[in-house]
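Summary of the model geometry
One letter stands for each residue in the lines below.
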Amino acid sequence: ARIKQAEFVKSSSRAKDCPKDGKPEFAIIGRSNIGKSSLINTLVRQKDIALTSKKPGILICCDFVCSWTAGKTQLINHFLINRSWYIVDLPGYGFAHASESARMDWSSFTKGYFQNREMLVAVLLLVDASVPPQKIDLDCANWLGRNNIGMTFVFTKCDKAKGGKGSRPSDNIQQFHELIRTCYREPPPWITTSSVTGMGRDELLMHMSQLRNY
Ligand code: GDP
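In every chain, residue numbers begin from 1 and rise along the written sequence. Per-residue local features of the predicted model are confined to residues with pLDDT of at least 70, and side-chain atom pairs are confined, for both listing and counting, to 80 or more; whole-chain, interface and lining totals are unaffected and use all residues.

1. Structural notes on the overall build of the chain
Along the backbone of the chain there are six helices and eight strands. Neighbour density around each residue's C-beta defines its exposure: 20 or more other C-beta atoms within 10 Å make it buried, 12 or fewer make it exposed, and counts between make it partly exposed, where C-beta atoms are placed from the backbone. With 214 residues in all, the chain has 30% of them scored as buried. Long-range contacts, defined here as pairs at least 24 residues apart, represent 75% of the contacts in the chain between residues at least 6 apart. By the criteria applied, helices consist of DSSP H or I runs no shorter than four residues and strands consist of E runs no shorter than two, each listed in order from the N terminus. Each residue is represented by a C-beta atom placed from its backbone, and any two residues with such atoms within 7 Å are regarded as in contact.

2. Examining the site of the ligand
For each residue, a C-beta atom is positioned from the backbone; the residue is called near a molecule or strand if that atom sits within 6 Å of it. The ligand sits among 16 residues. The nearest are Gly35, Lys36, Ser37, Ser38 and Ser195. The greatest single-element share of the shell around the ligand, amounting to three residues, is contributed by helix H1 (residues 36-44). Note on residue categories: nonpolar means Ala, Val, Leu, Ile, Met, Phe, Trp, Tyr, Cys or Pro, charged means Asp, Glu, Lys or Arg, and polar means any other residue, Gly included. When its residues are assigned to classes, the shell around the ligand shows two nonpolar, ten polar and four charged.

3. Some points on the pairing of strand S5 (residues 85-89)
The element S5 is extensively covered by neighbouring structure, given that four of its five residues are classed as buried. When DSSP finds two or more bridges between two strands, those strands count as paired. Of the pairings in the sheet, the one linking strand S2 (residues 25-29) to S5 comprises four bridges and is parallel in character. Bridge pairing in S5 places Ile28 opposite Asp89. Pairing analysis gives five bridges linking strand S4 (residues 76-81) to S5, with the strands arranged antiparallel. The partner of Asn77 across the bridge, within S5, is Asp89.

4. Things to note about the environment of Lys4
Relative to the helices and strands, Lys4 is located in the segment before strand S1 (5-12). As a C-alpha pair, Lys4 and Leu204 span 200 residues in sequence and 16 Å in three-dimensional space.

5. Some remarks on helix H6 (residues 201-212)
Each full turn of the α-helix corresponds to 3.6 residues, which orients residues three or four apart in the same direction. An expected span of 1.5 Å times one less than the residue number is assigned to each helix. The end-to-end C-alpha distance of H6, which contains twelve residues, comes to 17 Å, matching closely the 16 Å that a straight helix rising 1.5 Å per residue would cover. For H6, the complete set of buried residues consists of Leu204, His207 and Met208. The buried residues of H6 all sit within an arc of 95° when viewed along its axis, so they share a single face. Turned more than 90 degrees off the buried face of H6, the exposed positions are Asp202, Met206, Ser209 and Gln210. Each C-beta atom gives one direction from the helix axis, and the arc is the one those directions make.

6. Quick word on the nonpolar core
Core analysis: the largest hydrophobic core is formed by 39 residues, its most contacted members being Ile28, Leu125 and Leu126. Here this core gets six residues from one element, more than from any other, and that element is strand S6 (residues 120-128). When near neighbours in sequence (up to four residues on either side) are disregarded, Leu126 contacts Ile28, Ile29, Gly30, Ile34, Gly35, Lys36, Leu39, Val154 and Thr156. Nonpolar cores are identified as sets of buried Ala, Val, Leu, Ile, Met, Phe, Trp, Tyr and Cys residues joined via C-beta atoms within 7 Å.

7. Quick look at H1
Counting buried positions along H1 yields seven of nine residues, so the element is predominantly enclosed. The complete set of buried residues in H1 reads Lys36, Ser37, Leu39, Ile40, Thr42, Leu43 and Val44.

8. What about the environment of Ile87?
Here Ile87 lies in strand S5. In sequence terms Ile87 and Glu25 are 62 residues apart; their C-alpha atoms lie 5.8 Å from each other. Each residue touching Ile87, except ones within four places of it in the same chain, is listed here: Phe26, Ile28, Ile40, Phe79 and Ile81.

9. Some points on the environment of Tyr113
By the element assignment, Tyr113 lies in helix H3 (residues 100-114). Separated by 99 residues in sequence, Tyr113 and Arg14 have C-alpha atoms that sit 7.6 Å apart. Dropping the residues within four chain positions of it, Tyr113 is found in contact with Ala15, Ile76 and Leu90.

10. Points about unusual backbone geometry
A positive phi angle, close to 50°, is found at Asn82, a residue other than glycine. Residue position: Asn82 is located in the loop between S4 and S5. A positive phi angle, close to 55°, is found at Asn148, a residue other than glycine. Structurally, the position occupied by Asn148 is in the loop between helix H4 (135-146) and strand S7 (151-156). C-beta crowding within 10 Å serves as the criterion here: with 6 such atoms nearby, Asn148 is assigned to the exposed category.

Put into structure tokens, the structure is as follows:
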């Protein structure tokens, strides 16, 4: 399950421009600030990793996802892992102050991706474990479920302790499951992670490896 090599391949503004080489892919989605860039960096960051780009002269450093996706929120970014499968970074959703039309843009754009990617193994839906369940995340999970798109819930920020304004991650996760369970006969798999402690990293990589080999 180890990631030995990660390479930025391309940013696409339309689903039909995405790579068409038949390699399996995992799409990562979640609200903005959910910890998506941190998670992708945690997944690929290894001492001996070779982060390269097809564009000559561009070597992508550890924070490559952040630098590549800065200001590219409406692009689909493909990262080729170990030359054999893709991690796909999709635009974040649920900007707190986004207008209704901006939200619709997200949905038609991203739905276009989901409905056109035959090699999509699963969607990793990122959910912030440090806050109670958010309607937009539940809506997104329900939409994916209704459209028979396989998904795994990846709870982020599980290191955040209770106290202050936050509620306990374990309680938030349980509530999320209670709300989602009504929509599925079989609840999707889920993994708890933290980009701060590295919790869940190996489990997630193993999970993706198992799904690829089905
Ligand atoms: P993105 O917008 O979804 O790509 O989110 P980022 O990865 O940029 O993270 C947003 C903020 O959440 C940053 O301030 C991160 O430091 C913080 N963050 C991300 N992951 C974690 C985590 O696992 N634990 C904690 N405590 N903070 C995190």
